[in-house]
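# Tertiary structure, described
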Amino acid sequence: MQETQHDPEHPQTGPIVKVTVDTQPKEVHRGDYIVSVFKKNVGVSADRELDEVVGGEFKPLQDDAHIVIKGGEVFVSHVRTGGSS
């Protein structure tokens, strides 16, 4: 049997896993995602930034970055911040 490549634009319809987004449980298919597609799938507005909480630290995710969802991940969305100070 030939193994197929994962398409981050359209994750495979593999097992459904639970993640937490803004303290709310969400169910998504396990697999590779582009962050902007993942945000759409879990109901995060495109104009918000998304961070993954890893070991108590917030890790910013770029919209064009790739992430792998295995289940149990925790995410927080927030208003985009400006870069000037």
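Residues numbered from 1 in each chain as written. Predicted model: local features only at pLDDT ≥ 70, side-chain atom pairs only at ≥ 80, totals over all residues. Heavy atoms only, no water.

## Section: the packing of aromatic side chains
As a reminder, the rule being used: Between rings of Phe, Tyr and Trp, where Trp is taken as its six-membered ring, a pair exists when centres lie within 6.5 Å; planes separated by under 30 degrees are stacked, by over 60 edge-to-face, and by other angles tilted. The buried label goes to any residue with under 20% of its type's maximum accessible area, the exposed label to any with over 50%, and the partly exposed label to all in between, with areas taken from a 1.4 Å probe on protein chains only. Helix and strand assignments come from DSSP, with helices taken as H or I runs of at least 4 residues and strands as E runs of at least 2, each series counted from the N terminus.
Evaluation of the coordinates by the stated rule reveals 2 aromatic pairs. Judged by centre distance (5.5 Å) and plane angle (70°), the rings of Tyr33 and Phe38 are edge-to-face. In this structure, Tyr33 and Phe38 share a single accessibility class: buried. Here the aromatic rings of Phe38 and Phe75 are separated by 4.9 Å at their centres, their planes lie at 50°, and the arrangement is tilted. Of this pair, Phe38 sits in helix H1 (residues 35–41) while Phe75 sits in strand E7 (residues 74–79), placing them 37 residues apart in sequence. Pairwise contacts between aromatic rings join Tyr33, Phe38 and Phe75 into one cluster.

## Let's talk about the environment of Gly31
Put simply, the test is: When checking whether two residues touch, look at their non-hydrogen atoms; a contact exists if any pair is within 4.5 Å.
Mapped onto the secondary structure, Gly31 falls in strand E3 (residues 31–34). In this structure the C-alpha to C-alpha distance between Gly31 and Pro15, which are 16 residues apart in sequence, comes to 8.8 Å. With residues up to four places along the chain from it excluded, the contact list for Gly31 reads Ile67, Val68 and Ile69.

## Focus on the confidence of the model for the chain
Applicable threshold: A residue's pLDDT is the predictor's confidence in that residue, given on a scale from 0 to 100.
Summing up the model confidence of the chain, the mean pLDDT is 87 and the portion of residues at 70 or higher is 80%. Residue range residues 1–5 is modelled with pLDDT below 50. Its contacts to residues more than four positions away, or to other chains, number 0 contacts.

## Details of the sheet that holds strand E4 (residues 48–54)
Strand pairing within a sheet occurs via backbone hydrogen bonds; the two strands may be parallel or antiparallel. Let me state the cut-off plainly: If DSSP finds at least two bridges between two strands, the strands pair. Simply put, an axis is a line fit to the C-alpha atoms, just over the touching stretch for a helix, and the angle between two N-to-C directions goes from 0 to 180 degrees.
Reading across the sheet, the 5 strands line up as E2-E1-E7-E4-E5 and stay open at both edges, with mixed pairing between neighbours. Of all strands in the sheet, those bounded by a partner on one side alone are strand E2 (24–29) and strand E5 (57–61). The average undirected angle you get between the axes of adjacent strands in this sheet is 40°. One ladder, built from 5 bridges, connects E4 with E5; its direction is antiparallel. In the sheet register, Val53 faces E5, and the bridge partner there is Phe58.

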